[in-house]
Every structure is written in structure tokens, then in C-alpha cells.
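Letter by letter, the chains look like this.
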Amino acid sequence: MNAATTYSPPYHRRHHQHHHFQLPPPQSQPSIVSIPTQKSILDLLNSKPATSSLQSLAQIHALALKTGHFHDHFVSGTLLKCYANPRFHNLDSAIQLFRNVPSPNVFVHNVLIKACLDNGEPLQAVWLYYELMMNDAKPNKFTYPTLLKACGDGGIVAEGKQVHCHVVKLGFAGDGHVKSAGIRMYGYFGMAADARKMLDDEDDDDAVCWNAMIDGYFRCGDVGSAEEVFDEMGDLFDEMPDRDEISWSVVIDGYIKSGFYKEALEVFNTMQSERIRPGKFVLTSVLAACAHLGALDHGRWVHAYVRRKKKSIVMDAVLGTALLDMYAKCGRLDMAWEVFESMKEKEVFSWNAMIKGLAMHGRADDAVELFFEMQRRKFRPNGITFIGVLNACAHSGAVEQALKLFDSMENVYNIEPEVEHYGCLVDCLGRSGRLEEAEELVNSMPIEPNPAVYGSLLGACRIHGNAELGERIGRLLLELEPNNSGRYALLSNIYAKAERWDDVAEVRKLMKERGVKTNPGSSMIELGGCVHEFKMGEGCHPKMKEIYSTLKVMIERLEMEGYVPNTSQVLFNIEEEEKETALQYHSEKLAIAFGFISTKPGETIRVVKNLRVCDDCHSAIKLISRVYGREIVLRDRVRYHHFRDGTCSCKDFW
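Quick notes on the rules
All chains use their own residue numbering, which begins from 1 and follows the written sequence. Where totals are concerned, whole chains, interfaces and linings use all residues; where local detail is concerned, this predicted model gives features only for residues with pLDDT of at least 70, and gives and counts side-chain atom pairs only at 80 or more. Excluding hydrogens and water, the side-chain values take into account all heavy atoms of the structure. Counting from the N terminus, the helices are DSSP H or I runs at least four residues long and the strands are E runs at least two residues long. For every residue, the accessible area obtained with a 1.4 Å probe (protein chains only) is divided by the maximum for its type, and the residue is called buried under 20%, exposed over 50%, and partly exposed between those limits. In this analysis, two residues are considered to be in contact whenever any of their non-hydrogen atoms come within 4.5 Å of each other. In this analysis, rings of Phe, Tyr and Trp, with Trp reduced to its six-membered ring, are considered paired at centre separations within 6.5 Å, and the interplanar angle assigns stacked below 30 degrees, edge-to-face beyond 60, and tilted for intermediate values. Criterion for a charge above a ring: Arg CZ or Lys NZ at most 6 Å from the ring centre, at most 35 degrees from the ring normal. Each pair of strands is called paired provided DSSP finds at least two bridges between the two strands. Axis definition: a line fit to C-alpha positions, over the contact stretch in the case of helices; interaxial angles, taken between N-to-C directions, run 0 to 180 degrees. In what follows, roughly perpendicular refers to angles from 65 to 115 degrees, roughly parallel to angles under 35, roughly antiparallel to angles over 145, and oblique to any angle outside these ranges. Less than a right angle of anticlockwise turn of the near helix away from the far helix marks a crossing as left-handed, whereas a clockwise turn marks it as right-handed. Note that Gly is not counted as nonpolar here; it falls among the polar residues with everything else outside the nonpolar set of Ala, Val, Leu, Ile, Met, Phe, Trp, Tyr, Cys and Pro and the charged set of Asp, Glu, Lys and Arg. Like charges within 9 Å and nonpolar side chains (Val, Leu, Ile, Met, Phe, Trp, Tyr) within 5 Å are joined into patches, using only residues over 30% in relative accessible area that form no salt bridge. Using the Shrake-Rupley algorithm and a 1.4 Å probe, accessible areas are obtained, with residue cover drawn only from the displayed protein chains. Each salt bridge in this description consists of a side-chain nitrogen of Lys or Arg and a carboxyl oxygen of Asp or Glu lying within 4 Å of one another. A positive count includes Lys and Arg, and a negative count includes Asp and Glu. His and the chain ends are not counted in either. One atom stands in for each charge, and that atom is NZ of Lys, CZ of Arg, CG of Asp or CD of Glu. Along the arc lie the directions from the helix axis toward the C-beta atoms. UniProt positions are given in the numbering used here, feature names are shortened, and annotations may be inferred rather than shown by experiment. Orienting the strands away from the viewer, one traces the path from the first strand over the helix to the second; a clockwise path indicates a right-handed crossover. Two N or O atoms form a polar contact when they lie within 3.5 Å of each other; inside protein one atom must be a possible hydrogen donor and the other a possible acceptor, and for residues adjacent in sequence the pair counts only when both atoms belong to side chains. Predictor confidence is given residue by residue as pLDDT, running from a minimum of 0 to a maximum of 100.

The next subject is the overall build of the protein chain. On a plain count of helices and strands, the protein chain comes out with 34 helices and six strands. Counting only residues that meet the buried cut, the protein chain has 49% of its 654 residues in that class. Contacts spanning at least 24 positions in sequence make up 64% of the contacts within the protein chain whose residues lie at least 6 apart.

Below you can see the structure in the form of C-alpha cells.
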């Protein structure tokens, strides 16, 4: 009931509705107005209006004040939790409310500490703990899991160690939730030894703590130790399920975050063989691995599994977004769109993923249209949305559209452009050949350009053969990122294109002196649920002899159709014939040859490459698609290329 509304008895409301009034019989008793109880206030606070509307919440707040229930710490704490809901972006109001709670107890403090963490303010959470200690409101075992996580998220090592001391002093060190939070905190700090010591301090067979230790090792980059602990768990728990779904999820997620995507899928396959049913969180991680590897068959299996288990696995916004992202990154934009359209729950990140998918496939017009459609559906774009739509413009050369969108960020949407947005615009201008404007934008940025911004400009110099600007930007990047092999390769490429072989040799010498290793090109193709990886110069694949033979026949046929190798990007001053041989064995050509001998005529071949496809391979694959009547879908580091009938979807703009 709205506290501001005067109560009127039922017969009064009937009179108002029907415009006639009749006095009640004399014996009738007047209606009694019931005063809301604590339970009824709490029921209101847990209702949908309180969690979806600040206006409704304010009305319940007024009612709690009017009836005196605000002084009940359980009521005020629950009210505080509602105000601090991250979807309201209203943490300041929650803190102000906290200041008006008379003598807040530990429950109220705990609610606000967690609220600060949920709203991305871990340092504020730690400060509130300090206030709790000053107010003599003794912390309890529910205080510390959140507080330790806040220390880890905030990267405050000294304070984290002090909180750990408090945990030991107050006797909470043996609590499984507190202990696992402490282990995770040390993992966030990169202090694996301290995390392991905390695990070993007391005998503890709690799987939550062991899962936290595995996660800690992965965060510290110690993949081997993470694997050992995971194996240990299988030996320890003889009287309970060895490794539950969470254990497997932690390992799969750890592999993915460490860049071991194939290993993540292998663990997932083992998990299924041990009859552990994967839940939503595991499936979301697996879809991320599929997306990176281009493992479409694995991704389809996950989609089919979700459909079969629709009663137990709800297709919410997170899982749906992971699924559409997988399809988009595996080259099936049609399936991504189908998933997006069928999603009953969408969040801003769902729209962002679809816009990004359209962008990487060069569908700028569709991406921009979806950008406006999300607003018609009452979803407000954020900074990530603009990165997606600006990238779409960059991949299609829609410079004017990009400039309009960039200007609208502050003027229309009140979003201050960050360095990533400037990088997108520099990339868009540079790809379109407007190098002077791109350089002018870099020099006039109100924030310090990062290496990625300069890298976009350097890439544009390579595309358009501007050796003078490329040399200047390239030399700057070699100082900013002395260990980034890609920068050396790009500058060498620019020198090689200009036939400045002495400068190419100088760059290679500098790499050797600094101990910089080249990131080798690799291409992956999934067939029959197995991901095959190819690298130039490696002959470890069991069908390598057949692959080389097939590739030789393919090149000979292409040459009969007029193919001439483009040797301008070979980074060695060697004979032309040697350059042609080097180009012949690029990883994407090896993967395509393997696809030819492993699939039926007419089947689509899908390849994922870790680097940008070179000019020669791009030209050769266009010709292969026409000569052999095959559709070839190639994802490189930047975007998708759909080759069909001798043309590419990028229209030679990439």
C-alpha cells in the first residue's frame, strides 16, 4: 500500500466507481485498517516491483519509515540491499541510507560490504569493514568471504594479509567458505605459495577449497600445478564424489583463460566420459573455447544438448549470448542470428555480441541498423556497443558513418570516448587510406594513445605502402613494446614491400638481440569433432605427405588458371622461386589441402588462422573457390572472409 495514499473503506471505493452511495446498515462494524507487519514489509521488499523500480522501492521505504519498521535491522538491511541492486546504479543512495540506520549491526554492515563489491567498488567495501570494527559491531563468518574477495579484486595485498590475520585471530580460519575465499584472494595476488599454505594449514577435505586452489594456480600461470591438484582431488575423496561439476568447470575455465583452448575441449570430453553432467556454467566456458578454435561441431553438440535438457538448463541471456557468439565466430552468422532472435531474455551484452558478430563478417549496414534497433527496444548502448559498431564501419570502409557515430557518443549518449574508441576510428580512417587524418587524430587525442592505436596506424601504412610514416610509427612501437613480435613483423613487412632489404635485416637483428620470438602462423580446421592444427614448416601431421602432394596439384592447377604468387610480403631477400616456395606452404593453404582430402566435393571448408591472412593466400583462396567450386570460410585475426565463386565477402578490403 502506498504510504502517501489515504486509506478509504471498500464502500467508499464502490461509491467512487459507480457514482451512487448508500449508507451501511446501522449494525455494520467499521472496517479496521491493519498496520503492516515486519513480515509484510519484507515480503514487499522481496517482490518484483522492489527489484525492478526505484519508484516502487521508495514507496516501500516510506512505508517502513511511517510504520517504524525501518529501525528493525533486518528490514533496513533488506531495504539497503534493494537500493544497492547493480541494475539501479544507485550505490550512493544505498550508502546514504546506511548512514541513517540507527546503530547498524553486523548484518547491515555485511549487506553494504557485499553491495560495494557487487557494484565494482572493492576499496569502498574494505573501508566499510574498517568502520564496522570502529563501531564495535563484531564481524562474523559471513563478513569475510566477501571482504577477502574485495581485497583480491582491489589488488590490495597489505590489507588482504591484515584481513587474513583477523580471520585467524577470530577463529574463522577453519570455515570452508572463508578459507576458499582466502585461497582465491592469494591467487588473485599471484601468491600461489601463500594460497597453498592456507589450504594445507588444517586438514580439510572441502572440495570448494581445492577448487579455489586450482583456480589460484591458473591465475598465477602455473598450469602444471593446477593439473596436479585436480588429479590429487581424484585420489583424496574416496567417500564422496571425486570431482563435481564445479571442479571440472574450474579446470576448463582455467585452460581457456590461459589460452589452452584445445585442452579445455579435451577435459570437457573426459568429463562426459566420466558421466558428469555439464551445467550452464561449464557449457558457457566450452562455447568460448569452441568460438576461439572455430570448433563448430563441438558448438553444435552443446546447442543440441541445451535443447535436450531445456527443463534443467534455462537458456538465459548469458548462455544464449555465448551460443550466438560461438556461431558468429565459427562462421555461421545465420545460426547466430537465429539464436539471437529466439532469445527470450536479452541484455545489452547480447546486443553487443550480435553487433560484434555482424562487424567481423563485414556487415556494417546490418550492424548499424541493429545499433538503432536495440534503442527502439529500450536498450541503452554502452562503450562496448560503440566499439562493435565502429569496428563494423572500419571493416567496410564506412568512414562517414563512423565519424557520425563517434561524435554522437558524447553529444547524444553522454559516453566519454576511451582509447579503444579512438583506436577504432584511427583504424577506420587508416584502412580507407586517409592516413593524414588518422595521424592527426592520434596527435590530437585528449588521452595518451596506447600501442594498439599506433598499431592500427602502422597496419594502415602497410596496406597503403606508406613507408615514411610506417617507419616513424614502427620505430616508436618498437620502443613502446620491445617484446611484441607482431610489431617487428609489420615494420619488416613495410620495408620488404619497399624492397628496403637492409632495413629488414636490421629489424631481424634487433629482434635477435632482444630475444624476441616470432609468433608463427597457424591454421586450424575441425573435422569430425577433432581440431587439426597446421604450422608452416611442421610435418608432424600423420597425413602430411598426402597434404603436400594435394597442395602441389592445387597450385599447379591455379597456375594454369593464371595464378601468379604475390611475393611482396616475403621477408627475405632471396630468389623469386624460393619466395614462391615459401608462400606455397603457408598454414592456411595446408589446412585447406587437408580439408580437400578429408571432405566430400562441394562441402564447405572452414579454417581459423591466428594471424592476418596475407595478400597471396587471399588471392589464391579466391581462385581455389572458383576452380574447385568450393565455399571456403576463413577467419583470420581481424575478420571473416567468405570465399565463393572467385570472390571474397570482404571485397578485397581488409
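For the rest of this paragraph, the subject is the packing of aromatic side chains. Applying the stated criterion across every chain, the model contains 21 aromatic pairs. For the ring pair Phe74 and Phe107, a centre distance of 5.3 Å and an interplane angle of 50° mean the geometry is tilted. One end of the pair, Phe74, is in helix H5 (residues 73-83); the other, Phe107, is in helix H7 (residues 106-118), with 33 residues separating them in the sequence. For Phe74, a relative accessible area of 44% puts it in the partly exposed group. Residues Phe596 and Tyr628 carry aromatic rings whose centres are separated by 5.0 Å and whose planes lie at 85° to one another, so their mutual orientation is edge-to-face. Taken together, the residues span a long stretch of sequence, with Phe596 in helix H33 (residues 587-598) and Tyr628 in the loop between helix H34 (615-627) and strand S4 (632-635) at a distance of 32 residues. What links up through ring pairs into an aromatic cluster is the set Trp337, Phe340, Trp351 and Phe379. Its guanidinium or amino end placed over the ring of Phe596, Arg630 lies 4.8 Å from that ring's centre, counting from NZ or CZ.

Further remarks concern the sheet that holds strand S3 (residues 605-609). The strand order across the open sheet built from six strands is S2-S1-S3-S4-S5-S6, with neighbouring strands paired in mixed fashion. Looking along the sheet, the strands with just one partner apiece sit at the ends: strand S2 (530-535) and strand S6 (647-648). Pairing of S3 with S4, which is carried by four bridges, proceeds in the parallel orientation. By the bridge assignment for S4, Ile605 is matched with Ile632.

This next bit is on the packing of helix H15 (residues 245-257) against helix H17 (residues 280-293). Relative orientation of the contacting elements H15 and H17 amounts to 20°, with a least axis distance of 9 Å. Comparing their axes, H17 and H15 come out roughly parallel. H15 and H17 meet at a crossing whose hand is left-handed. Contacts between H15 and H17 involve Glu245, Ser249, Ile252, Asp253 and Ile256 on the former and, on the latter, Lys280, Phe281, Val282, Ser285, Val286 and Ala289. Its residues assigned to classes, the contact of H15 with H17 shows six nonpolar, two polar and three charged.

The next point concerns a negative patch on the surface. On the surface, Asp222, Glu227, Glu228 and Asp231 cluster together into a patch of negative charge. Within the secondary structure, Asp222 sits in the loop between helix H13 (207-219) and helix H14 (223-236). Since its relative accessible area comes to 30%, Asp222 is described here as partly exposed.

What follows deals with helix H20 (residues 333-342). Taken residue by residue, H20 has Leu333, Met335, Ala336, Val339 and Phe340 as its buried positions. Buried residues of H20, seen end-on, are gathered within an arc of 160° and therefore sit on one face of the element. On its buried face, H20 is in contact with helix H18 (296-308), helix H19 (317-329), helix H21 (348-360) and helix H22 (364-376).

So, on to the pattern of salt bridges. The tally for this structure, following the rule as stated, stands at 32 salt bridges. Measuring nitrogen to oxygen at the nearest pair gives 3.6 Å for the salt bridge that ties Lys197 to Asp201. Here the salt bridges do not stand alone but share partners, grouping Glu369, Glu373, Arg376 and Arg377 into one network.

Turning to the pairing of strand S5 (residues 640-644), a few remarks are in order. Of all five residues in S5, four are buried, a share of seventy percent or more. Inspection of the sheet shows S4 paired to S5 by four bridges, in the antiparallel sense. What sits directly across from Ile632, in S5, is Phe643. What sits between S5 and S6 in their antiparallel hairpin is a turn of two residues, with Asp645 showing a positive phi close to 55°.

Mapped onto this numbering, the UniProt entry annotates "repeat: PPR" (unreviewed entry) at residues 105-139, 206-236, 244-278, 316-346, 347-381 and 484-518. End C-alpha atoms of residues 244-278 are separated by 10 Å, and the span's content is 74% helix alongside 0% strand. Taken end to end, residues 316-346 comprises 74% helix and 0% strand; its first and last C-alpha atoms sit 8 Å apart.

This next bit is on the pairing of S3. Burial of S3 is extensive: four of the five residues sit out of reach of the surface. Following the chain from S3 across H34 to the adjacent parallel S4, one finds a crossover that is right-handed.

With that out of the way, let us pick up the side chain of His421. Its place among the elements puts His421 in helix H25 (residues 419-431). Of the residues examined, His421 reaches a relative accessible area of 2% and is grouped as buried. Reaching out from His421, the side chain makes a polar contact with the backbone nitrogen of Glu418 at a distance of 3.0 Å.

What follows is about the confidence of the model for the protein chain. For the protein chain, per-residue confidence averages 87 on the pLDDT scale, and 90% of positions sit at 70 or higher. Under a pLDDT of 50 for its full length, residues 1-33 has, in the predicted model, 15 contacts with residues more than four places off or in other chains. Between residues 571-580, whose pLDDT stays under 50, and residues either more than four places distant or in other chains, the model counts 18 contacts.

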